[in-house]
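# Architecture at a glance
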Amino acid sequence: MRKRLNKSKRESCRTNEVSKLLTVSKKGIYCAAGDFYIDPWGKVDRAIITHAHSDHARSGMKHYLCSIDGEEVLKLRIGFKSSVQALDYGEAISMNGVRVSLHPAGHILGSSQVRIELDGRVEVVSGDYKTAPDPTCKSFEPIKCHLFVTESTFGLPIYQWPTEQSVFQDVNHWWSRNRELGRTTVVSGYSLGKAQRILAGLSPSIGPIILDNLLIPNTEAYRNAGVKFPEYLTVQEASYGVNWGHSIVVCGSSLSGLNWQDKLVEPSSAFFSGWMATRKRRKASRDKGFVLSDHVDWPSLLSAVKATGAQEVWVTHGFTKPVATYLSELGLDAKEMPTPWASEDQPLERSAEREN
Amino acid sequence: MKLFCRLWRALDETEDPTTKVRALVEYFSEASDEDCAWAVALIKGKAVRRATSAQTLLDWARHASNLPKWLVDESVNEVGDLSETAAMILPASKGNLSKSQPWHWWCEMATNRFADLGSEEQAATVLKAWQPLETPERIILNKLLTGSLRVSCSLKEVEIALWMITGIDQSDLAHRLSKSWSPTATSYQELISPDPFQGSISRPYPLRQLDEASTAIENIDPEHWRIDWLWTGQRVQIVSRKGVYFLWSLTNDLLNERFPDLLERFRDLPDGVVLEGFLVSLENHEPSGTVNLRKRLGRLIPSAKAISESPVGFMTLDVLEWDGVDLRDRPLCERLLRAGELAVGDIYRPVMVPWTDSKGIPNVLSLARSIHADGILLRRKDGLYESLDQDWIGLLNQPVQIHAVLMYVQMSNINDPRSVTEYTLGVWNEGVLVTIGKFLGNLPSHQQRAIAEFARANTLERFGPVRTVRQEIVFRIEFDAVEVSTRHKAGLLLRGGRILSWEMDKRPAEASKLSALKSFIP
């Protein structure tokens, strides 16, 4: 059955000249020649996972392939009994004659771009990525290719990130002010990636840093991978002898914090996300908002696409239409790639899912 | 500019007055006098007119960033604001911020000179200004240039912040801030320099709390006690000293600008007089509820039409100062003796309510609603102004309870039961429900959640955040008074309306009728 499907796919590829290697099937991005999927959303035998966020890494695949850095956080999501093969960045293997290698995507710890090559043709799936530096993961590497699959979560020219340094300057200033007033500072962001990045940017000279319990497994995985953090306390360690009015609490989502809510002193809270760039969205959130994203902004997206030298670009996840249209106007062969999350009329709900 | 930008963001991000005051204190302590003066001008809200349109700024930004128009339109959709979009699509900042002009220079520019520049020069000025700025600062500049820079805090919060920094009395600061303001370093220095003489002229007295007392009323008699009406309106005091007049609200907000017509009358007051009383709407020289008063209070500077259509008056309750002498330590009868000497139109002498014995008090109270009073005040004739609690007995009208049906639900976020929720309720009039007003949904949280659930499942129509829901839920509500109002569909306004409970066993048909409500109109 599968063979027949593959055959017809190959034919369609030839006739439409979509791509020599990749197709989009019901279950996800599929490489027929190598018989594997990348970040599939349906159950498959062989899945290459770009990174361990829930919309890319799903449980129930027979075999997984990911980067060494990302192995532990992936297993935390899909279960430690899963069959996972891990590759070093740049290390190549052959899958049915297709050369497959993983390269840093700079999104979160262990996030990878998947490079596949057959008969001189190179195609790259970026997963989610950012090109700005991030102390908690390896930096994005541009790879020359014929086809580049890019994300477009923040694919509008209004999204241009301030430097990480200036964001953390503001964060630490705000924390010091709260400390002077004896108020607890509470910061939240997505529990894998964002929270660790926030943690790494805090200045421990201001006061104690307390980490919500739900973040500990992921954060430990980061430490095991060699990421350096300022010293932090668990909620239990901070129960006695710590002035919560001077502290900053790092937490994942509103669901956490059940065991420490009553310790907070007049808390002042902030949420970290790229979506906090627009005033409309900042107003909709009850807390203060800091603009900190693990996705590419508009200028970096354009330069990343350019650096690949790819003539064909598939745009997925986010503002697919504006990005594909703009790239086409620049003379590239750009297409929107459908995913189960893409529904054009509801960007807000979709965005919530994307970052939370 | 960085400092002002931080202030604007901080004020924009919170509704909490304490946080706002803290942000103001930080700004006033760090910014230059000129910048502070402009901040005050912007908060007062009359400073800046529109120097250019947001669409023009957006066009300049589009050319500067070399983007196609369709993509900019797409971005506007996402941001929801033209001048913010213009700031956000520009290429990243470059150049040295310290070389750019200070904030007050830009305020000056936007108010005075910018409109006179030629359009090419305007574009060049703005493009050059944008370059070294970060996005948040560009947003502020754009809002300033388009005259849409709203600083979200009140003058009251400025007063508190300046009081915390300088120690100058808040009422004194309020007076200084109420004058016309020119945004210069000199006016800011004047504002924050101690000047005891100025303070003593305007200073109001702290007004006595008017809580509803629980003291028994059986043993009081007309010989030792007097009764006054608690008129429906605002409790205020008039200060007349050295030819200058002040109208202070209970919370020490200066109301002078809102009521120039009443202020005109003050000129006939003797010098050195402070009166306490009620600011009321007048109709045929009689107090008439709050509808007209609301119109006046809502307007910073009233039009001639508003003044002639909504006259106001002052019903004296007490005399706190006479001939420059503080009377608060004299007995009530002596204080009110002075009021007898008042003969000023629209400033009414205290009206003593006739009564015979304590048994008659409930009867007197029952009349209050019909003459636009909220209740009555019983005071001992020999009591001092700041005397014992038992010397003042306030009795308020009994609130009225009715049943009403839920018609519309508005919540800022329907998925978040903590979000502010407003319910529009209706009563029956000739077989259909007519709305009687919006009520804050401060029900127990599990009920609020249940109603959000109901609203989601039973929405008939949506207008933005407002949902028309199936008419099934009945609330018991309570209010203090009913007034005629042309603003509402039912033709009346419920004052002090609040939801008491969700009546799950009542059917919508059992809700009250409009005619029943109308019977409470005085």
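Counting restarts for each chain: residues are numbered from 1 in the order of the written sequence. The naming scheme follows written order: chains are lettered A onward, ligands numbered 1 onward. Restriction of local features to residues with pLDDT of at least 70 applies here, the model being predicted, together with a cutoff of 80 or more for giving and counting side-chain atom pairs; totals for whole chains, interfaces and linings are based on all residues.

## Some thoughts on the overall build of chain B
Secondary structure is summarised from DSSP: a helix means a run of H or I of at least four residues, a strand means a run of E of at least two, and numbering begins at the N terminus for each. Across its full length, chain B carries 20 helices and 19 strands. Residues with at least 20 other C-beta atoms within 10 Å of their own are called buried, those with 12 or fewer are called exposed, and the rest are partly exposed. The C-beta atoms themselves are positioned from the backbone. Evaluated residue by residue, chain B yields a buried proportion of 38% over its 522 residues. Two residues qualify as being in contact provided that their C-beta atoms, derived from the backbone, are within 7 Å of each other. Taking the contacts inside chain B whose residues are at least 6 apart along the sequence as the reference set, 72% of them involve residues at least 24 apart.

## Observations regarding the overall build of chain A
If you tally the helices and strands in chain A, you get nine helices and 19 strands. Counting all 356 residues of chain A, 46% fall into the buried class. Of the contacts formed within chain A by residues at least 6 apart in sequence, a portion of 56% connects residues at least 24 apart.

## Re the sheet that holds strand β11 (residues 147-152) of chain A
Residue and element names in this part refer to chain A. When DSSP locates at least two bridges between a pair of strands, those strands are taken to pair. Taken together, the seven strands give an open sheet; going across it, the order is β7-β8-β9-β10-β11-β18-β19, and neighbouring strands pair in mixed fashion. Looking at strand neighbours, the two that pair on one side only are β7 (92-95) and β19 (333-336), the edges of this open sheet. For this sheet, the mean inter-axis angle between neighbouring strands, taken without regard to orientation, is 25°. Where strand β18 (residues 312-318) and β19 come together, four bridges link them in parallel fashion. The residue of β19 that forms the bridge with Glu312 is Asp333. In this fold helix α7 (residues 298-308) packs onto β10 (121-125), β11 and β18, with an angle of close to 170° to the strand it touches most, β11. Seen against the sheet, helix α8 (residues 320-329) touches β11, β18 and β19 and runs at an angle of roughly 170° to β19. Only the stretch in contact is used when fitting a helix axis, every axis being a line fitted to C-alpha atoms; angles between N-to-C directions are given from 0 to 180 degrees.

## Section: the interface of chain A and chain B
Chain A puts 14 residues into the contact, and the matching count from chain B is 17 residues. Broken down by secondary-structure element, the contributors of at least two residues to the side of chain A that touches chain B are α6 (279-284) and α8 of chain A.

## Quick notes on the packing of helix α5 (residues 69-79) of chain B against helix α6 (residues 82-89) of chain B
Helix packing for two helices is described by the angle between their axes and how far apart those axes are. Residues and elements named next belong to chain B. Across the interface, α5 lies against α6 with an axial gap of 9 Å and an inter-helix angle of 120°. In terms of their interaxial angle, α5 and α6 are classed as oblique. The two elements α5 and α6 cross, and the hand of that crossing is right-handed. On the side of α5, the interface is formed by Val72, Ser75, Val76 and Val79, while α6 contributes Leu82, Glu84, Thr85, Met88 and Ile89. Grouping the amino acids of the contact of α5 with α6 by side-chain chemistry returns six nonpolar, two polar and one charged. Any angle that is under 35 degrees is reported as roughly parallel, and any over 145 degrees as roughly antiparallel; angles of 65 to 115 degrees are reported as roughly perpendicular and all others as oblique. Handedness of a helix crossing follows the sense of rotation of the near helix relative to the far helix, less than a right angle counterclockwise being left-handed and clockwise being right-handed. Polar here means any residue other than Ala, Val, Leu, Ile, Met, Phe, Trp, Tyr, Cys and Pro, which are nonpolar, and Asp, Glu, Lys and Arg, which are charged; Gly is therefore polar.

## Some remarks on the nonpolar core
What we call a nonpolar core is a set of buried Ala, Val, Leu, Ile, Met, Phe, Trp, Tyr and Cys residues whose membership is set by joining through C-beta atoms within 7 Å. Counting 193 residues, the largest nonpolar core has Leu74 and Val250 of chain A together with Leu144 of chain B as its most contacted members. In this structure, Ala404, Trp428, Val469 and Ile477 of chain B belong to the second largest nonpolar core, which totals 31 residues.

## Quick notes on helix α2 (residues 17-30) of chain B
Residues and elements named next belong to chain B. Taking 1.5 Å as the rise per residue, α2 with 14 residues should run 20 Å; its terminal C-alpha atoms sit 20 Å apart, in good agreement. When we look at burial in α2, the residues that qualify are Lys20, Val21, Ala23, Leu24, Tyr27 and Phe28. Burial along α2 is one-sided: seen end-on, the buried residues are contained in an arc of 160°. Seen from the buried face of α2, the exposed residues on the opposite side, beyond 90 degrees, are Thr18, Ser29 and Glu30. Elements that come into contact with the buried residues of α2 comprise α1 (2-13), α3 (33-44) and α10 (155-166). In a helix, the anticipated span is given by 1.5 Å times the number of residues less one. Note that the arc is computed from the directions linking the helix axis to the C-beta atoms.

## Topic: the sheet that holds strand β14 (residues 233-234) of chain A
Hydrogen bonds between backbone groups are what pair the strands of a sheet, and the pairing can be parallel or antiparallel. Residue and element names in this part refer to chain A. Here we have six strands laid out as an open sheet, ordered β14-β13-β15-β12-β16-β17, and parallel in their pairing. In the strand order of this sheet, the two ends are held by β14 and β17 (288-290), each with one partner. In the sheet, strand β12 (residues 185-188) pairs with strand β15 (residues 248-251) via four bridges, with the strands oriented parallel. Paired with Val186 across the strands is Val249, a residue of β15.

## Quick look at the environment of Glu78 of chain B
Counting through the fold element by element, Glu78 of chain B comes out in helix α5. Ignoring any residue separated from it by four or fewer positions in sequence, one finds Glu78 of chain B in contact with Leu156, Ile158 and Thr278 of chain A.

## With respect to the pairing of strand β13 (residues 432-440) of chain B
Residues and elements named next belong to chain B. Taken together, the eight bridges between strand β12 (residues 421-429) and β13 define a ladder with antiparallel strand orientation. Among the inter-strand pairings, Asn429 is bridged to a residue of β13, identified as Val432. Taking the residues between adjacent antiparallel strands as the criterion, β12 and β13 are bridged by two residues, where Glu430 takes a positive phi near 50°.

## Structural notes on helix α3 (residues 164-180) of chain A
Residue and element names in this part refer to chain A. Taking 1.5 Å of rise per residue, the 17 residues of α3 would be expected to cover 24 Å, and the 24 Å separating its terminal C-alpha atoms lies within 8% of that figure. All buried positions along α3 are accounted for by Val171, Trp175 and Asn178. Taken down its axis, α3 places every buried residue within 60° of arc, on the same side. Residues of α3 that are exposed and point more than 90 degrees away from the buried face comprise Gln165, Ser166 and Glu180. Along its buried surface, α3 packs onto β12, α4 (194-201), β15, β16 (268-272) and β17. Of the residues trailing α3, Gly182 is marked for its positive phi of about 75°.

## Some points on the confidence of the model for chain B
Residue and element names in this part refer to chain B. The predictor's confidence in any single residue is recorded as pLDDT, a number from 0 to 100. Looking at chain B, pLDDT values average 85 and 94% of them are 70 or higher. Across chain B, the element-wise mean pLDDT spans from 62 in helix α13 (residues 196-202) up to 95 in α6. Overall fold confidence for the complex sits at a pTM of 0.70, while the interface term, ipTM, reaches 0.86.

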